[in-house]
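Structure assessment
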Amino acid sequence: MSEMPAFTRLPSEEEASVRQWIDDHRTDATWQKPEIIDYSDLGRLKKLIELGKIATVSDNRDYFLDEFAELADPKLYADEERRTELLTHPDILERANGVWVIFPWTREAVHYPQEADYYDLRTSRFRNLITRDEQDKLHEPRIAIAGLSVGSNLVGSLVQAGIGGSLVMSDMKNPKVSNIGRAGYDIRDIGVPKIDAIARKISHIDPFLEQIHIPEGITAETVSQLEAARPDMIIDEVDDMVASALLRKLARKLKVPYISAADVGDRAVLEVCRHDLSDKAPLYAGHVGDKVADRLVSGRMTEIEKMLVFARSIGFRRLSPELIESAVQVGETLSGLPQLGRTAMMSAALATGAIHHIILGNDVGTGIYTMKSPVSKRASISGALLAVTTVVKYARS
């Protein structure tokens with residue numbers, strides 16, 4: 001094997017100069033709303049270049065032109081004569097012109113079709129599984145998502161699917177390297193607030209999407225900001241039982257659907273409470289009474305009691321022995337509850353499907369829904385027994 005090359009040491013003055021250059025050129029990772037200008041407005045483009053607001057350009061107009069032509073006439077597109085005619089048609093040429101989108105955090109100018117054309121093009125392969133009218137309806141709601149660890153996968157899934165024309169996102173934390181294996185982050189996001197990191201990613205997928213941010217997270221003091229945003233649906237992906245209780249109570253107050261997707265070992269667990277359909281819908285779809293939310297919000301609940309609430313809301317039989325054993329080791333031999341990236345993605349897919357059907361008025365009732373990798377029945381039963389034993393043990397200690 002070849003030896004690793006030795007690091008070159010610079011004279012102290014040169015080393016200081018290099019380090020100063022690094023400090024001066026660190027990227028400002030804060031999300032800012034992208035600037036959108038007309039494709040033909042080269043004057044504004046030139047001005048932004050002169051101001052140093054643009055460092056690189058991505059112009060894919062020819063590719064847009066090709067796709068718009070194919071979308072306009074799939075049957076005749078294979079005919080070379082018809083293809084040439086389509087590629088030079090004024091309507092196709094106009095649609096391909098689009099806009100420039102300027103991303104401040106990378107100083108990129110990227111060419112996109114106009115908003116409606118872009119949405120039409122990027123959702124075109126969903127037909128006829130989803131009709132045009134259904135796709136338009138899916139794009140209407142304002143969706144609130146609190147918690148952007150595993151919730152980051154769900155945000156990405158919704159934006160890719162064209163679900164929601166406005167997103168309200170909340171999280172107060174920064175991603176860690178350990179998030180990369182199970183959430184929608186990469187190494188460039190370390191040290192950046194999760195809400196900014198995810199906002200940047202989804203802006204590249206859909207720069208026209210309205211984003212409302214609550215960077216302080218969900219607390220008794222900030223939940224009013226979420227209420228003021230008037231979401232049509234509340235998605236709970238927080239890892240704090242008090243914040244979860246606040247979200248549940250707000251969903252009931254606003255009479256909107258409440259959804260929570262959890263990755264529990266090898267199993268994705270979806271909880272749905274349809275406050276939009278019934279004033280009597282419970283705050284918890286699992287075996288937890290409504291009064292528990294009041295106790296959580298008031299602060300009259302111990303950590304062990306919170307663990308029991310979580311286990312009961314998920315269902316003891318859905319907890320694997322490995323997960324329960326791990327839960328009691330957190331803070332001792334483990335830094336956090338273990339999670340699997342594949343299960344996090346399963347949870348996002350399950351929740352996206354439920355949100356899709358709720359928006360379209362299909363039958364998704366209050367309850368618990370699951371998706372799992374192949375596991376034995378014996379493992380599920382032993383998990384339930386171990387869960388009960390563990391909670392009782394710690395409750396007595």
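Up top is the structure these notes are about.
Let me begin by describing the structure that accompanies this report. Not measured: the values here are computed from a predicted model.

Topic: the pairing of strand β5 (residues 142–146)
- The buried count for β5 comes to four of five residues, which makes it a mostly enclosed element.
- Looking at chain direction, β5 and strand β6 (residues 166–170) are connected through five bridges and run parallel. Bridged to Ile 145 within β6 is Met 169.
- In this region the chain leaves β5, passes through helix α8 (residues 151–161) and returns to the parallel neighbour β6; the handedness of that crossover is right-handed.
- Inspection of the sheet shows β5 paired to strand β8 (residues 233–236) by four bridges, in the parallel sense.

Quick look at the pattern of salt bridges
- All chains considered together, the criterion is met by 23 salt bridges.
- Put simply, Glu 50 and Lys 46 hold a salt bridge, and the shortest N to O gap is 2.5 Å. One end of the pair, Glu 50, and the other, Lys 46, are both in helix α2 (residues 42–50), four residues apart, so they sit about a helical turn from each other.
- Residue classification places Glu 50 among the exposed residues on the basis of a relative accessible area of 53%.
- Among the salt bridges present, the one from Asp 186 reaches Arg 188, with a minimum N-O distance of 2.8 Å.
- Overlapping salt bridges, with partners in common, bring together Arg 95, Asp 117, Asp 120, Arg 127 and Arg 132 in one network.

So, the nonpolar core
- Val 155, Met 169 and Ile 355 are the most contacted members of the largest nonpolar core, which has 49 residues in total.
- A per-element tally of this core places helix α15 (residues 341–359) first, with eight residues.
- Counting 18 residues, the second largest nonpolar core, distinct from the first, contains Ile 214, Val 223, Ala 251 and Val 256.

Some thoughts on a negative patch on the surface
- Taken together, the side chains of Asp 38, Asp 41, Asp 91 and Glu 94 define an acidic patch exposed on the protein surface.
- In this fold, Asp 91 is placed in helix α5 (residues 90–97).
- Look at Asp 91 and you get exposed, because its relative accessible area is 52%.

Notes on a nonpolar patch on the surface
- On the surface, Val 177, Ile 180, Ile 187 and Ile 190 cluster together into a nonpolar patch covering about 330 Å² of accessible area.
- Following the sequence through the fold, Ile 190 ends up in the loop between β6 and α9 (194–205).
- According to the relative accessible area criterion, Ile 190 is partly exposed, its value standing at 33%.

Notes on the sheet that holds strand β3 (residues 99–103)
- Taken in spatial order, the four strands make up an open sheet running β1-β3-β4-β2, and their pairing is mixed. Two strands lie at the open edges of the sheet, namely β1 (35–38) and β2 (56–58), each paired on one side alone. The average angle at which neighbouring strand axes cross in this sheet is 25°, direction not considered.
- In this sheet, strand β4 (residues 108–112) lies alongside β3 in antiparallel orientation, the contact comprising five bridges. Residue Val 101 lies in a different strand from β4, and its bridge partner there is Val 110.
- Sheet strands in contact with α2 are β1, β3 and β4, and its direction is about 140° off that of β1.

Describing unusual backbone geometry
- Across the junction of Arg 127 and Asn 128, the peptide omega takes the value 5°, indicating a cis bond.
- In this fold, Asn 128 is placed in the loop between α6 (115–122) and α7 (132–138).
- The residue Arg 107 is not glycine, and still its phi comes out positive at about 55°.
- Here Arg 107 shows up in the loop between β3 and β4.
- When its relative accessible area of 41% is taken as the criterion, Arg 107 is described as partly exposed.
- Its identity as a non-glycine residue notwithstanding, Arg 230 has a phi of 50°, on the positive side.
- By the secondary structure assignment, Arg 230 is in the loop between α10 (223–228) and β8.
- Residue class for Arg 230 comes out exposed when judged on its relative accessible area of 54%.

Conventions we followed
- Residues numbered from 1 in each chain as written.
- Predicted model: local features only at pLDDT ≥ 70, side-chain atom pairs only at ≥ 80, totals over all residues.
- Heavy atoms only, no water.
- Buried < 20%, exposed > 50% of the residue type's maximum accessible area, 1.4 Å probe, protein only.
- Helix = DSSP H or I, 4+ residues; strand = E, 2+ residues; numbered from the N terminus.
- Pairing = 2+ DSSP bridges.
- Right-handed = clockwise from strand over helix to strand, strands pointing away.
- Salt bridge = Lys/Arg side-chain N within 4 Å of Asp/Glu carboxyl O.
- Core = buried A, V, L, I, M, F, W, Y, C linked by side-chain atoms within 4.5 Å.
- Patch = residues over 30% accessible without salt bridge, like charges linked within 9 Å, V, L, I, M, F, W, Y side chains within 5 Å.
- Areas by Shrake-Rupley, 256 points an atom, 1.4 Å probe, with all protein chains shown as cover.
- Lys, Arg positive; Asp, Glu negative; His and termini not counted.
- Charge placed at Lys NZ, Arg CZ, Asp CG, Glu CD.
- Axes fitted to C-alpha atoms, helices over the stretch in contact; angles between N-to-C directions.
- Contact = heavy atoms within 4.5 Å.

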